[in-house]
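Next come the chains, spelled out residue by residue.
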Amino acid sequence: MSSPEPVSLQTVRGIVSSEPIHRALAHEHLFVDFQPADHPGYMDVDWGTVRGAAINRLRELQAQGVDLLVDWTTLGVGRNVALLRDVSGATGLHIVCPTGIYLAKRPPGYVALTVAELASRFVSELTEGIDGSGVRAGFVKIATSDDGPTPDETTVHRAAAIAARETGAAIGLHSPLAGPLDRVSETLIAEGFPLERLVWAHAQRSAPEDHARYAAEGVIVQFDSFSSRSGSDAGPPSLAERSLDAIGRLIDAGHLHQVLVSDDATVVCNPPTTQYGYDATAVMRTVKPALRERFGDRATRAILRDNVISAFRWPAGSA
Ligand SMILES: [Zn+2]
């Protein structure tokens, strides 16, 4: 089976070709810190333990054929690019990491920045490197609150759109609900960002009609949380079954190449009580066979490889 033309990916160890990539996870986290970035306990962990746990999980994923992982932890919620580069080098598994800010949680040093100043920080992380490390971000991650976006969040979104437009980077947006997505996408469009480069994360919480509406605009629709077993997610029908049904509708409407799946698991959460128990190995263990059974090998390969590479290619012009 022929693969799409190779493109470039900007990983934490530099630019790589997509050609040898076998399987990819579109949205995971190795480490997240849920405390405010000015809290004394923020990032105060035993990094040797975190490193060991991350490497163990990456090796499990490699045994499943995964050789590319897109990590969505932004600055201010535990991003540690030295860790990402270290464990990527130790395992050989490629990792792409973002610039950007989660909701309006600006870390110290970012609080007073204007839209233009924020945008230029994001551009610098995409094109020069992060905190002098030389590690460059491969996309921009933003988030909206469920009843938002708030004005402070919109400030971040405008900066993200400007930076992504200037560099050709993708934007990954946390928005479980379509209502806030409607308002965020208006902001992104107003700043000249092309919606074909938008990845809509947590779309499984929205209706198939909304998936169809955004797919028609070129947006990439991401389903995650397949290993969630809490509350109504357990079903029946389970959240995973509902997601597979929704994916089927997108495929039937001709949008196979705009579908992503991942688990949005986190290997290590700080503080440990915030660990939510998802497991990234569930994607290849349980979702892949379900995709194959429903949609066949070609669609499964597109969803678990080609679409991830295309969504996060660097930069836009290389597709
Ligand atoms: Zn996430």
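Heads up: the structure comes first, above all this text.
Residues numbered from 1 in each chain as written. Predicted model: local features only at pLDDT ≥ 70, side-chain atom pairs only at ≥ 80, totals over all residues. Heavy atoms only, no water.

Caption draft 1: Quick peek at the coordination of the zinc ion. Surrounding the zinc ion are the protein donor atoms His27 (NE2), His29 (NE2) and Asp264 (OD), which sit 2.1 Å from the metal. Counting gaps between the donor residues of the zinc ion yields the pattern H-x1-H-x234-D. Placement of the pair is His29 in strand S3 (residues 23-33) and Asp264 in the loop between strand S11 (259-261) and strand S12 (266-270), with a sequence separation of 235 residues. Given the relative accessible area of 7%, His29 is considered buried. (Donors = N, O, S within 2.8 Å, 3.2 Å for Na, K, Ca; no water. Helix = DSSP H or I, 4+ residues; strand = E, 2+ residues; numbered from the N terminus. Buried < 20%, exposed > 50% of the residue type's maximum accessible area, 1.4 Å probe, protein only.)

Caption draft 2: Fine view of the packing of aromatic side chains. Under the criterion given, the structure shown has six aromatic pairs. Note on Trp200 and Tyr214: the rings are 5.6 Å apart at their centroids and 65° apart in plane angle, and the pair reads as edge-to-face. Taken together, the residues Trp200 in strand S9 (residues 198-201) and Tyr214 in helix H6 (residues 208-216) connect sequence positions 14 residues apart. Accessibility classification places Trp200 together with Tyr214 in one group, the buried group. Sitting over the ring of Tyr110, Arg121 keeps its end group 4.7 Å from the ring centre. (Phe/Tyr/Trp six-rings, centres within 6.5 Å; stacked < 30°, edge-to-face > 60°. Lys NZ or Arg CZ within 6 Å of the ring centre and 35° of its normal.)

Caption draft 3: Molecular detail of the sheet that holds S12. Judged by pairing direction, the sheet is parallel, and its four strands sit side by side in the order S5-S4-S3-S12 without closing on themselves. Edge positions in the sheet fall to strand S5 (94-96) and S12, since each has one partner strand and no second. For this sheet the average axis-to-axis angle between neighbouring strands, irrespective of direction, equals 25°. Two elements, S3 and strand S4 (residues 66-71), share four bridges in a ladder whose sense is parallel. Within S4, the position partnered with Arg23 by the bridge is Val66. Across the sheet, helix H2 (residues 81-91) touches S3, S4 and S5, and the angle it forms with S5 is around 160°. (Pairing = 2+ DSSP bridges. Axes fitted to C-alpha atoms, helices over the stretch in contact; angles between N-to-C directions. Contact = heavy atoms within 4.5 Å.)

Caption draft 4: Here's a closer look at helix H4 (residues 151-167). Here H4 contains 17 residues, and its C-alpha end-to-end distance of 25 Å stays within 8% of the 24 Å for a straight helix at 1.5 Å per residue. Those residues of H4 that are buried are in contact with helix H3 (115-127), strand S7 (139-143), strand S8 (171-174) and helix H5 (178-190). Gly168 sits one or two residues past H4 and shows a positive phi near 85°. (Expected span 1.5 Å × (residues − 1).)

Caption draft 5: Layout of the sheet that holds S9. Strands sit in the order S6-S7-S8-S9-S10-S11 across an open sheet of six strands; the sheet is parallel. Edge positions in the sheet fall to strand S6 (98-99) and S11, since each of these pairs with one other strand and no more. In this sheet, S9 lies alongside S8 in parallel orientation, the contact comprising four bridges. Across the sheet, residue Leu173 finds its bridge partner in S9, namely Trp200. Across the face of the sheet, H5 comes into contact with S7, S8 and S9 while running at roughly 160° to S9.

Caption draft 6: Main features of helix H8 (residues 282-311). Compared with an ideal rise of 1.5 Å per residue, which puts 30 residues at 44 Å, H8 spans 21 Å between its outermost C-alpha atoms and falls more than 12% short. The principal kink in H8, of about 125°, is found at Phe295. (Bend = angle between axes of the 7 residues up to and from the residue.)

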